[in-house]
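# A structural walkthrough
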Amino acid sequence: ANVVLPSLTGLALLCVDQIGTELENPFGDDPNALDLQDNITTLEKEIMRMLQSIGDTAAHDQFTWLPVPKFMQEGTLRPFNWYLALRAEVS
């Protein structure tokens, strides 16, 4: 009993430390990192659906979908081909 309980406590603390290490940088380049570009792409699609569903064609027509350059696709987990841009900013 003198060896088992301290060993289990130490193991539990090491596990908590490892979880903290993983959570301290969620936006890095490692496999456990959050894919920010995927979140942005989902948000862009939802915004356009919302503008379309409420019938705000004036706002909807202010945006356009542009093809994504290859260098932007390299760091993402799921490929995406288009991104949302303001028509006024596109030449």
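Everything below is about the structure shown above.
Structure report, in brief. Residues take numbers from 1 onward in each chain, read along the sequence in its written order. At least 70 in pLDDT is required for a residue's local features to be given in this predicted model, at least 80 for side-chain atom pairs to be given and counted, and no such filter applies to totals for whole chains, interfaces and linings, which use all residues. For the side-chain quantities, the full set of heavy atoms in the structure was used; hydrogens and water were omitted.

Time to look at the pairing of strand β1 (residues 63–67). Exposed residues in this analysis have more than 50% of their type's maximum accessible area, buried residues have under 20%, and partly exposed residues fall in between, with area computed by a 1.4 Å probe over protein chains only. In this description a helix means any DSSP run of H or I spanning at least four residues, a strand means any run of E spanning at least two, and both kinds are numbered starting from the N terminus. Residue alternation in β1 divides its side chains into a buried set, T64 and L66, and an unburied set, F63, W65 and P67. Sheet topology places β1 next to strand β2 (residues 82–86); 5 bridges connect them, and they run antiparallel. Looking at β2, one finds that T64 is bridged to A85. Any two strands with at least two DSSP-identified bridges between them are counted as paired.

This part covers helix α2 (residues 36–54). Residues separated by three or four positions in an α-helix point in the same direction, a consequence of the helix having 3.6 residues per turn. A helix is expected to span 1.5 Å multiplied by its residue count minus one. If you check α2, its first and last C-alpha atoms are 27 Å apart, about what 19 residues at 1.5 Å a residue would give, namely 27 Å. Where α2 is concerned, the buried positions are Q37, T41, E44, M48 and L51. For α2, the angular spread of the buried residues around the axis is 95°, confining them to a single face. What points out from α2, more than 90 degrees from its buried face, is the exposed set L43, S53 and I54. If you follow the buried residues of α2, they end up packed against α3 (57–60), β1 and β2. It is the directions from the helix axis to the C-beta atoms whose arc is reported. We call two residues contacting when some pair of their heavy atoms lies within 4.5 Å.

Before going further, it helps to spend a moment on the pattern of salt bridges. Counted as salt bridges are all cases of a side-chain nitrogen of Lys or Arg within 4 Å of a carboxyl oxygen of Asp or Glu. Within the structure shown, the criterion is met by 2 salt bridges. In this structure, R78 engages D38 in a salt bridge whose closest nitrogen and oxygen atoms are separated by 2.6 Å. One end of the pair, R78, is in the loop between α4 (70–73) and β2; the other, D38, is in helix α2, and 40 residues separate them in sequence. When the shortest N-O distance is used, the salt bridge between R49 and E46 registers 2.7 Å. Of this pair, R49 and E46 both sit in helix α2, 3 residues apart, which is roughly one turn of the helix. The partly exposed category is assigned to E46, whose relative accessible area is 42%.

Let us look at a negative patch on the surface. Without a salt bridge and with relative accessible area above 30%, a residue can belong to a patch; like charges are then joined within 9 Å and nonpolar side chains (Val, Leu, Ile, Met, Phe, Trp, Tyr) within 5 Å. To measure how exposed things are, a 1.4 Å probe is used in the Shrake-Rupley method; for residues, cover is taken only from the protein chains shown. When charges are counted, neither His nor the chain ends are considered; positive counts come from Lys and Arg and negative counts from Asp and Glu. Here the site of a charge means atom NZ of a Lys, CZ of an Arg, CG of an Asp or CD of a Glu. A contiguous patch of negative charge, built from D17, E22, E24, D29 and D30, is present on the exposed surface. Position of D30 relative to the elements: it lies in the loop between α1 (4–23) and α2.

Mapped onto the fold, L51 is located in helix α2. The exposure class of L51 is buried, given its relative accessible area of 10%. It is 27 Å that separates the C-alpha atoms of L51 and T76, two residues lying 25 residues apart in sequence. Those residues in contact with L51, other than ones at most four positions away along the chain, are D56, A59, H60 and F63.

Next up on the list: the environment of W82. Inspection of the secondary structure assignment puts W82 in strand β2. Residue class for W82 comes out partly exposed when judged on its relative accessible area of 47%. Here the alpha-carbon distance between W82 and V68, two residues 14 residues apart in the chain, equals 5.2 Å. Discounting residues that sit within four places of it in the chain, W82 has contacts with W65, L66, P67 and V68.

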